[in-house]
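# Fold and contact review
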Amino acid sequence: MAFQPKDTLLHQHDLSDHLLVIRRGCAKVAVNSTGGYQAVLAIRRAGDLLGEQAALDGGARSATLVALTQVEALVIPSAPSLDAAGSSPVLALALQQVLSERLREADGHRAAAEAVQARLAALQLELGAEFGRPEGDGSVCTALPLSQDDFAGLVLSSRRTVSRVFEQWRGYGWVTTGRNRLTIDRPDELKRVTGSGP
């Protein structure tokens, strides 16, 4: 199944009964609060399984998944998948590993102790490595429809703090920001902020 950027792959609170596997592209996982605020929890990429929690417990979808790029996904009906997992130790182990990774990811977010700048720098470098376009001058341009609110959710911070960090980085000449576009002009500086650079 094909999705265009900004298309919704799964809707929070829906009772649909299928899983998705992303074959190409990426999507953001977001949760809408009763107050209308949206928190972006994660970005899912090629090879990721989506919708496994609702498939396992039969409950409503816990989050909305929105395509950030063109996405090609494999749709798998839940019942046959769970039946197959029940009769195949290999599939059961694979599903258990996915759930374990999700739990570790959630624990890691809750326990994150690094400074916001380090988390934001690591996120930008990760997105640039996977979805960016290298420029001739050593910079990397990433064009994904992610807002500062989205970045704030992904690094467990506020939009105000993320905005201040980007403003500081622009002033240093480390990044250039635009609508749905971010260029890392000085990748080495962001690596240094994460603690992995010189």
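What you are looking at is a predicted structure, and each value in this text was computed from that prediction instead of being measured.

## Considerations on the sheet that holds strand β6 (residues 49-50)
Across the sheet, four strands lie side by side as β1-β8-β3-β6; this open sheet has antiparallel pairing. Of all strands in the sheet, those with a lone pairing partner are β1 (2-3) and β6, marking the two edges.

## Structural notes on helix α7 (residues 187-194)
For α7, the complete set of buried residues consists of Pro187, Glu189, Leu190 and Val193. Seen along its axis, α7 keeps its buried residues to an arc of 160°; they face one direction. Each element contacted by the buried residues of α7 is listed here: α4 (116-131), α6 (159-172), β11 (175-178) and β12 (181-184). Just past α7, the residue Gly195 takes up positive phi, approximately 95°.

## With respect to the pattern of salt bridges
Applying the stated criterion to the full structure yields nine salt bridges. For the salt bridge of Glu126 with Arg45, the shortest nitrogen-to-oxygen distance reads 2.5 Å. Residue Glu126 is found in helix α4, and its partner Arg45 is found in the loop between β5 (38-44) and β6; the two are separated by 81 residues along the sequence. For Glu126, a relative accessible area of 40% corresponds to the partly exposed category. Exposure remark for Arg45: the relative accessible area of 15% places this residue in the buried category.

## Quick notes on the pairing of β12
Bridge analysis of strand β10 (residues 140-142) against β12 gives three bridges, and the strand direction is antiparallel. Each bridged residue has a counterpart across the sheet, and for Thr142 the counterpart in β12 is Leu182. Linking β11 to β12, which pair antiparallel, is a turn of two residues; within it Asn180 sits at a positive phi near 55°.

## Thoughts on the packing of aromatic side chains
Under the defined criterion, the tally for this structure stands at four aromatic pairs. With a centroid separation of 5.7 Å and an interplanar angle of 65°, the aromatic rings of Phe151 and Phe166 are classed as edge-to-face. Residue Phe151 is located in helix α5 (residues 148-154), and its partner Phe166 is located in helix α6; the two are separated by 15 residues in the primary sequence. Like Phe151, the residue Phe166 is buried in the burial classification. Aromatic side chains Trp169 and Trp174 sit 6.5 Å apart centroid to centroid with 40° between the ring planes, which places their arrangement in the tilted category. Each member of the pair Trp169 and Trp174 is classed as buried. Connected via pairs of aromatic rings, a cluster forms that spans Phe151, Phe166, Trp169, Tyr172 and Trp174.

## Topic: the pairing of strand β7 (residues 64-67)
Residue alternation in β7 divides its side chains into two sets, Thr64 and Val66 and Leu65 and Ala67, and both sets are buried. Bridge count for strand β2 (residues 8-10) against β7 is two bridges, and the pairing is antiparallel. In the strand pairing of β7, Thr8 is matched with Val66. In the sheet, strand β4 (residues 27-32) pairs with β7 via four bridges, with the strands oriented antiparallel. Along β7, the bridge assignment pairs Val29 with Leu65.

## Some thoughts on the packing of α4 against α7
It is at 8 Å that the axes of α4 and α7 come closest, and there the two elements cross at 135°. Between α4 and α7, the angle is such that the two are oblique. In the crossing of α4 with α7, the sense of the turn from one axis to the other is left-handed. Here Gln117, Ala118, Ala121, Ala122, Gln124 and Leu125 of α4 come into contact with α7, specifically with Pro187, Leu190, Lys191, Val193 and Thr194. In terms of residue class, the contact of α4 with α7 is built from seven nonpolar, three polar and one charged.

Procedures and definitions
- Residues numbered from 1 in each chain as written.
- Predicted model: local features only at pLDDT ≥ 70, side-chain atom pairs only at ≥ 80, totals over all residues.
- Heavy atoms only, no water.
- Pairing = 2+ DSSP bridges.
- Helix = DSSP H or I, 4+ residues; strand = E, 2+ residues; numbered from the N terminus.
- Buried < 20%, exposed > 50% of the residue type's maximum accessible area, 1.4 Å probe, protein only.
- Arc of directions from axis to C-beta.
- Contact = heavy atoms within 4.5 Å.
- Salt bridge = Lys/Arg side-chain N within 4 Å of Asp/Glu carboxyl O.
- Phe/Tyr/Trp six-rings, centres within 6.5 Å; stacked < 30°, edge-to-face > 60°.
- Axes fitted to C-alpha atoms, helices over the stretch in contact; angles between N-to-C directions.
- Parallel < 35°, antiparallel > 145°, perpendicular 65-115°, else oblique.
- Left-handed = near helix turned anticlockwise from the far one by under 90°.
- Nonpolar A, V, L, I, M, F, W, Y, C, P; charged D, E, K, R; others polar.

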